[in-house]
There are 2 protein chains.
Amino acid sequence: MTNSGNIHKGWFSEICPMWEGIAVSLKVEKLLYSKKSRFQQIDLYQTRSHGRMLVLDGIIQLTEQDEFSYHEMMAHLPLLSHPNPEHVLVVGGGDGGVLREINRHDDVRFIDFCEIDQEVVNVSKQFLPSIACGFNDPRVTVHIRDGAAFVRECSGCYDVIIVDSSDPVGPGEILFKSQFYRDLKHALKPGGLIATQGENFFLHPDWVEKLMGVTRSLFPIYAYANIIVPTYTGGHIGICMGSLGPKLTAPARPVPQMLQSQLKYYSPEVHRAAFVLPYFAEKILKDKGV
Amino acid sequence: MTNSGNIHKGWFSEICPMWEGIAVSLKVEKLLYSKKSRFQQIDLYQTRSHGRMLVLDGIIQLTEQDEFSYHEMMAHLPLLSHPNPEHVLVVGGGDGGVLREINRHDDVRFIDFCEIDQEVVNVSKQFLPSIACGFNDPRVTVHIRDGAAFVRECSGCYDVIIVDSSDPVGPGEILFKSQFYRDLKHALKPGGLIATQGENFFLHPDWVEKLMGVTRSLFPIYAYANIIVPTYTGGHIGICMGSLGPKLTAPARPVPQMLQSQLKYYSPEVHRAAFVLPYFAEKILKDKGV
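Calculation notes
Residues numbered from 1 in each chain as written. Chains lettered and ligands numbered in written order. Predicted model: local features only at pLDDT ≥ 70, side-chain atom pairs only at ≥ 80, totals over all residues. Heavy atoms only, no water. Helix = DSSP H or I, 4+ residues; strand = E, 2+ residues; numbered from the N terminus. Rg over C-alpha atoms; globule rule 2.2 N^0.38 Å. Buried < 20%, exposed > 50% of the residue type's maximum accessible area, 1.4 Å probe, protein only. Areas by Shrake-Rupley, 256 points an atom, 1.4 Å probe, with all protein chains shown as cover. Lys, Arg positive; Asp, Glu negative; His and termini not counted. Charge placed at Lys NZ, Arg CZ, Asp CG, Glu CD. Axes fitted to C-alpha atoms, helices over the stretch in contact; angles between N-to-C directions. Left-handed = near helix turned anticlockwise from the far one by under 90°. Contact = heavy atoms within 4.5 Å. Nonpolar A, V, L, I, M, F, W, Y, C, P; charged D, E, K, R; others polar. Salt bridge = Lys/Arg side-chain N within 4 Å of Asp/Glu carboxyl O. Polar contact = N/O pair within 3.5 Å; in protein donor to acceptor, adjacent residues only side chain to side chain. Pairing = 2+ DSSP bridges. Least-squares fit on C-alpha atoms with pLDDT ≥ 70 in both. Domains from an automatic or database assignment. Buried area = accessible area lost by both parts, 1.4 Å probe. UniProt positions renumbered as here; feature names shortened; annotations may be inferred. Phe/Tyr/Trp six-rings, centres within 6.5 Å; stacked < 30°, edge-to-face > 60°. Lys NZ or Arg CZ within 6 Å of the ring centre and 35° of its normal.

Things to note about the overall build of chain A
Here comes step 1: Helix and strand content of chain A: ten helices and 13 strands.
Here comes step 2: A globule of 290 residues ought to have a C-alpha radius of gyration of about 19 Å, and chain A, at 18 Å, matches this closely.
Here comes step 3: In terms of overall dimensions, chain A has a C-alpha envelope of 50 × 45 × 35 Å along the principal axes.
Here comes step 4: Counting the 290 residues in chain A, one finds 64% classified as buried.
Here comes step 5: Of the roughly 10400 Å² of accessible surface on chain A, 50% is carried by carbon and sulfur atoms.
Here comes step 6: The distance from the centre of the 28 positive side-chain charges to the centre of the 32 negative ones in chain A is 1 Å.

Right under this line is the structure:
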């Protein structure tokens, strides 16, 4: 079965220089797909306890068992912070999970989706149908190309932009540059807002500080939220948010009952609490003027 | 170096039937201590990235790098929920970390500490001085004996009782029984409160539900808080709290500036936010009448 060097006795370990010395390990039963695309190594496993698992360049992107945490928060935090999000862009997230969550919003009229790697979309459609169902909505237009270039060409187009990137190595690297953040701002409509994958303040306080520093320099309103995702190393991941108008740390409007009934992680209370960080993390951001 | 079967190429993995299929792995450089005490296997490792690590029966109890999360919250959530905690009991927690945090409170006059395994105390004093310094305070009285029996003999003694147990297998098992919770209540002064290690709602919603069910049946006020601890499998752990008077979900009094300046995780905002759980976890507790 083994494709990766990080498997021992049926356990896959997310061993990576980005978080040297610590790794999440998952028991895997079957390697369902393994191929190097033009951009990255794509592996799809059946795990013992967490359903199927998508791994890119050795890094866990999601498991079926807990993907709802990340996808719900990446979609509903920004969408419910905006009073009326009609035009939405998603950069990255080729699995379709963020799209699936956006699709639950009746007020969204048009969703552009830009992913660099067609193969991630294909694999997800084949092996992760409960996630890739996000592509089935007629409001979604798929663009398979470089997200940074796509954003650079936009001007005043979107109410909300969500960047569901992998980590700042490999094809995702450009999505952590300050030029990309300037382009994101330029691509927003007045009163628009962005939400980007914000890494982990226990493992990478320096990255969080840098991302929030860039966001602060560009947006009058900014905030950093935290999400529990047990199968990410460290068990949690952040969302970096910047806004041209709406405040971010509470929902801008009531959550429709029909929407809430479909959710497992997000609630208005979770929205507010997600922005409260451990004291050391708050201090990192404050001491550095973020 | 290897003592445990869960080490491969210098990586220790917390493989355990309690969380089948998922494990945190840490690169270990040296096994500093390894011995079976009367109660359990005790291993003390030097890790690559997280300082020293205490492992009991193969389960990670703490690493020097992130122990502050758990110890701060286990101590300061209950102590700052109480208007005037003078008499405190700690059951378990032989490393001394919870004691260290309690010692920061000037208003606490007397701390009983009851741990079943003298060897855990000894190992911690020898290898984890920054944690076991909790034993140095003259207000602490150490009792090396069965915590359940100790509590059973108390009546109306304590303002706050903190149960820093291991998991409900091995010597910690009795600390998850409903009789023990009845004895805890009996050991409290009027207006007292308890805080117990509450497991993980992603991995063990059934245990959380059971613990909160028992707490609810005994205490007029109860709540469940969550803490991020990256080196625990799943990345987080809960605290189950029951109170005879004080509300729990906000500090009962201002946090002294001198105390706050010593902390890395707890703040009044973190206190409040810790009780906001993901929607599915809130729902588990509500649907079951908890």
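Once you've had a look at it, read on.
Section: the packing of helix H6 (residues 178–187) of chain A against helix H7 (residues 205–218) of chain A
Residues and elements named next belong to chain A.
Here comes step 1: Running from amino to carboxyl end, H6 crosses H7 at an angle of 40°, the nearest separation of the two axes being 10 Å. In this structure, the crossing between H6 and H7 has a hand that is right-handed. Here H6 contributes Ser 178, Tyr 181, Arg 182 and Lys 185 to the contact with H7, which in turn contributes Leu 211, Val 214, Thr 215 and Leu 218.
Here comes step 2: Residue composition of the contact of H6 with H7, by class: four nonpolar, two polar and two charged.

Focus on the interface of chain B and chain A
Here comes step 1: Counting residues at the interface gives 41 residues for chain B and 41 residues for chain A.
Here comes step 2: At the surface where chain B touches chain A, the tally comes to two salt bridges.
Here comes step 3: Across the pair Arg 48 of chain A and Glu 20 of chain B runs a salt bridge whose closest N-O atoms are separated by 2.8 Å.
Here comes step 4: Counting every contact that joins chain B to chain A gives 18 residue pairs in polar contact (both at pLDDT 80 or more).

Side note on the sheet that holds strand S8 (residues 110–115) of chain A
Residues and elements named next belong to chain A.
Here comes step 1: Strand order across the open sheet formed by seven strands is S9-S8-S7-S10-S11-S13-S12, with mixed pairing between neighbours. Of all the strands in the sheet, just strand S9 (140–144) and strand S12 (221–228) have a single pairing partner and so form its edges. The average undirected angle you get between the axes of adjacent strands in this sheet is 15°.
Here comes step 2: Here five bridges tie strand S7 (residues 87–92) to S8, and the two strands are oriented parallel to one another. Paired with Val 90 across the bridge in S8 is Phe 113.
Here comes step 3: Helix-sheet contacts for H6 involve S7, strand S10 (158–164), strand S11 (188–197) and strand S13 (236–243), and the interaxial angle to S11 is about 145°.
Here comes step 4: Packing against the sheet, H7 makes contact with S11, S12 and S13, and its axis sits at approximately 150° to S12.

Here's the deal with the relation of the copies chain B and chain A
Here comes step 1: Superposition record for chain B on chain A: RMSD 0.0 Å, screw rotation 180°, translation along axis 0.0 Å. In symmetry terms, the pair is related by a two-fold rotation axis. Across chain B, the smallest distance between a C-alpha and the rotation axis is recorded for Gly 235 of chain B, namely 1.9 Å.
Here comes step 2: Most of the interface of chain B is mirrored in chain A, where 100% of its interface residues are also at the interface.

Comments concerning the domain arrangement of chain A
How big an interface is tends to be expressed through the accessible area that disappears when the partners come together.
All names here are of chain A.
Here comes step 1: On domain assignment, one finds that chain A holds domain 1 (7–63) and domain 2 (67–287).
Here comes step 2: In this structure, domain 1 and domain 2 have C-alpha centres spaced 23 Å apart.
Here comes step 3: Tallying the contact residues gives 25 residues for domain 1 and 23 residues for domain 2.
Here comes step 4: Considering only the side of domain 1, the residues that lose the most area to domain 2 are Met 18, Phe 39 and Leu 62, jointly responsible for 27% of the buried surface there.
Here comes step 5: Where domain 1 touches domain 2, the interface holds one salt bridge.
Here comes step 6: In this structure, Lys 35 engages Glu 119 in a salt bridge whose closest nitrogen and oxygen atoms are separated by 3.9 Å.
Here comes step 7: Counting the contacts that link domain 1 with domain 2 gives nine residue pairs in polar contact (both at pLDDT 80 or more).

Some words on the pattern of salt bridges
Here comes step 1: Scanning the model with the defined rule gives 22 salt bridges over all chains in all.
Here comes step 2: A salt bridge links Glu 29 of chain A to Arg 48 of chain A, with the nearest nitrogen and oxygen atoms 2.7 Å apart. With Glu 29 of chain A in strand S3 (residues 22–36) and Arg 48 of chain A in the loop between strand S4 (41–47) and strand S5 (52–56), the pair connects residues that are 19 residues apart, well separated along the chain.
Here comes step 3: A relative accessible area of 40% places Arg 48 of chain A in the partly exposed class.
Here comes step 4: Taking the shortest distance from any N to any O, the salt bridge between Asp 183 of chain B and Arg 152 of chain B comes out at 3.8 Å. With Asp 183 of chain B in helix H6 (residues 178–187) and Arg 152 of chain B in helix H5 (residues 147–152), this residue pair connects regions lying 31 residues apart in the sequence.
Here comes step 5: Taken together, the salt bridges that share partners define one network made up of Glu 67, Arg 100, Glu 101 and Arg 104 of chain A.

Description of the UniProt feature "binding site: spermidine" (unreviewed entry) in chain A
Residue and element names in this part refer to chain A.
Here comes step 1: Within this numbering scheme, the UniProt entry marks His 71, Asp 95, Asp 164, Ser 165, Ser 166 and Asp 167 as carrying the feature "binding site: spermidine" (unreviewed entry).
Here comes step 2: When you line up the elements, Asp 95 lands in the loop between S7 and helix H2 (97–102).
Here comes step 3: Overall, the relative accessible area of 7% leaves Asp 95 in the buried class.
Here comes step 4: Not counting residues up to four positions away in its chain, the partners in contact with Asp 95 are Leu 54, Leu 62, His 71, Val 120, Ser 124, Ile 131, Ala 132, Phe 135 and Asp 164.
Here comes step 5: Of the residues examined, Asp 164 reaches a relative accessible area of 8% and is grouped as buried.
Here comes step 6: Non-local contacts of Asp 164, meaning those with residues more than four positions away in its chain, are made with Tyr 70, His 71, Met 74, Val 91, Gly 92, Gly 93, Asp 95 and Val 98.

Notes on the environment of Ala 148 of chain A
All names here are of chain A.
Here comes step 1: Checked against the element boundaries, Ala 148 lands in helix H5 (residues 147–152).
Here comes step 2: Residue Ala 148 is classed as buried on the basis of its relative accessible area of 2%.
Here comes step 3: Along the primary structure Ala 148 and Leu 184 are separated by 36 residues, whereas in three dimensions their C-alpha atoms are 8.8 Å apart.

Some points on the environment of Gly 10 of chain B
All names here are of chain B.
Here comes step 1: Within the fold, Gly 10 resides in the loop between strand S1 (7–8) and strand S2 (11–13).
Here comes step 2: With 20 residues separating them in the primary sequence, Gly 10 and Lys 30 have C-alpha atoms 8.9 Å apart.
Here comes step 3: Each residue touching Gly 10, except ones within four places of it in the same chain, is listed here: Leu 26, Lys 27 and Val 28.

Notes on the packing of aromatic side chains
Here comes step 1: Across all of its chains, the model carries 22 aromatic pairs over all chains by this definition.
Here comes step 2: Ring centres of Phe 202 of chain A and Phe 280 of chain A lie 5.0 Å apart, and the angle between their planes is 70°; this geometry places the pair in the edge-to-face category. Of this pair, Phe 202 of chain A sits in the loop between S11 and H7 while Phe 280 of chain A sits in helix H10 (residues 279–287), and the two are 78 residues apart along the sequence.
Here comes step 3: Taking relative accessible area as the criterion, Phe 202 of chain A reaches 11% and is therefore assigned buried.
Here comes step 4: Connected via pairs of aromatic rings, a cluster forms that spans Phe 68 of chain A together with Phe 201, Phe 202, Tyr 224 and Phe 280 of chain B.
Here comes step 5: Here the basic side chain of Lys 125 of chain A rests over the ring of Phe 135 of chain A, its NZ or CZ set 5.1 Å away from the ring centre.

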